[in-house]
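Per-entry structural report
Spelled out from the first residue to the last, the chains are:
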Amino acid sequence: MSENQEPAAKTSIRVGVIGGGQLARMMVPPAIHLGLDISVLAETEGMSAQRAADMVGDYRDPETVYAFAETVDVVTFDHEHVPHEILNELERRGIAVHPRPHALQYAQDKILMREKLAELGVPIPAWAAVADEAALQTFIDANGGRAVVKTARGGYDGKGVRVVSQADEVRDWFAALAEDARGGFLLAEELVDFTRELAQLIARRPSGEARAWPLVETIQRDGVCDVVLAPAPVSDPETAAEAARIGAIVAEGVDATGVLAVEMFETRDGRVLVNELAMRPHNSGHFSIEGSITSQFEQHLRAVTDLPLGDPAMAAPYAVMVNVLGGPAEGPMPVRYPAVLAAHPAAKIHSYGKLPRPGRKVGHVTVVGDSLDTALAEARAAADGFA
């Protein structure tokens, strides 16, 4: 190359996803469409994203993560559980990580999250970090005699969450904290009197551009997301505007990059309170694969590679997603395809390639259309075909 020639532009970007679950799996099709290469560090063989799993290993092992990261241009995540010190070291080595460790910490640690949300001034439930039963009982007594108690790290889909009226109902959790040489706290929160749960998804790229999807309603079953209604029905404009405002404040305030899900409660007196944060594609956004002009998975890839973001508007008036929980007794979802696909041709079926297990998310069904009631009935019927 002569001294006047420009170096050749990089023709492809390789995105590395840590975690081999269904979120990584659903990033593969949009990566192909965008001309991105994608690699996955899966925890074990045969995981949901095995098609893109170029490496199998423990995401808690520094050398495994460092070796994987050296093969890609940007690192992102299927989950939030990679130790913070490993991610900091990746950045010290000059590897792009999105969301960045200083942002991801607020999705990894619920107490840090509550502290940051309070600093940002967004509405949240009353809360306290409690180190022992006496502190927890004081909080319970001051908040109506019941409280929600959460482990600060690692909980999801209802795990690590208990509703208690006496502090000794989480004595085992305090014992586990005492056995940990680092000590720690549990998070105590008021038991919110809410009418429904909402989620505001927003994507943000490193250069600062942000785009938000319409507010959605999520319906839980045994602590696990069961149904998502998009957009959230009977939402007055003020509620949707408030949720969008909160989402924008949080995304900017924590310096999120990629997809951010802000889970919220709508209270009986009309307030919107932030419940949880997730910094990755989220179950509440699966509807967007068919229901939005730009899906959360495509948008996440655009965001973490700092490409211009797509339009997140609805592609149809309504979209309903229903999770397939548990799955067919005789095997993975495709064993029921002949009957379900024939009976529900308007339903879009997504299998995660997982074997059935009670309560396990093995796939989801989405139906879009002009009628929310019709879409919900059809999506529910199709999902029930895999029960």
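Our structure is the block above this text.
Note that the structure is a prediction, hence the values are computed from the model and not measured.

So, the packing of aromatic side chains
Per the counting criterion, the structure on display carries two aromatic pairs. Centre to centre, the rings of Phe-194 and Phe-265 are 4.6 Å apart; their planes meet at 20 degrees, and the pair counts as stacked. Residue Phe-194 is located in strand E10 (residues 194–204), and its partner Phe-265 is located in strand E14 (residues 258–267); the two are separated by 71 residues in the primary sequence. In this structure Phe-194 comes out as partly exposed when scored by relative accessible area, which is 31%. Pairing Tyr-337 with Phe-386 gives two aromatic rings, centres 6.2 Å apart and planes at 80 degrees, and the pair type is edge-to-face. Highlighted residues: Tyr-337 in helix H11 (residues 337–343) and Phe-386 in the segment after helix H12 (372–384), separated in sequence by 49 residues. With relative accessibility at 23%, the residue Tyr-337 sits in the partly exposed group. For Phe-386, a relative accessible area of 0% translates into the label buried.

As for the sheet that holds strand E1 (residues 14–18)
Within a sheet, neighbouring strands are paired by backbone hydrogen bonds and run either parallel or antiparallel to one another. As summarised here, the arrangement of the five strands in space is E3-E2-E1-E4-E5, forming an open sheet in which the pairing is parallel. Each edge of the open sheet is held by one strand with a lone partner, namely strand E3 (53–56) and strand E5 (96–97). Each of E1, strand E2 (37–42) and strand E4 (74–77) is contacted by helix H1 (residues 22–34), which is oriented at about 170 degrees to E2, the strand it contacts most.

Here we look at the sheet that holds strand E6 (residues 127–130)
One open sheet holds the four strands; their spatial order is E6-E9-E7-E8, and the pairing between them is antiparallel. Every other strand in the sheet has two partners, leaving E6 and strand E8 (161–164) as the edge strands with one partner each. If you compare each strand with its neighbour and ignore which way they point, the axes differ by 25 degrees on average. Alignment of strand E7 (residues 147–151) against E8, held across four bridges, turns out to be antiparallel. Looking at the pairing, Lys-150 lines up with Val-161 of E8.

Quick notes on the rules
Residues numbered from 1 in each chain as written. Predicted model: local features only at pLDDT ≥ 70, side-chain atom pairs only at ≥ 80, totals over all residues. Heavy atoms only, no water. Phe/Tyr/Trp six-rings, centres within 6.5 Å; stacked < 30°, edge-to-face > 60°. Helix = DSSP H or I, 4+ residues; strand = E, 2+ residues; numbered from the N terminus. Buried < 20%, exposed > 50% of the residue type's maximum accessible area, 1.4 Å probe, protein only. Pairing = 2+ DSSP bridges. Contact = heavy atoms within 4.5 Å. Axes fitted to C-alpha atoms, helices over the stretch in contact; angles between N-to-C directions.

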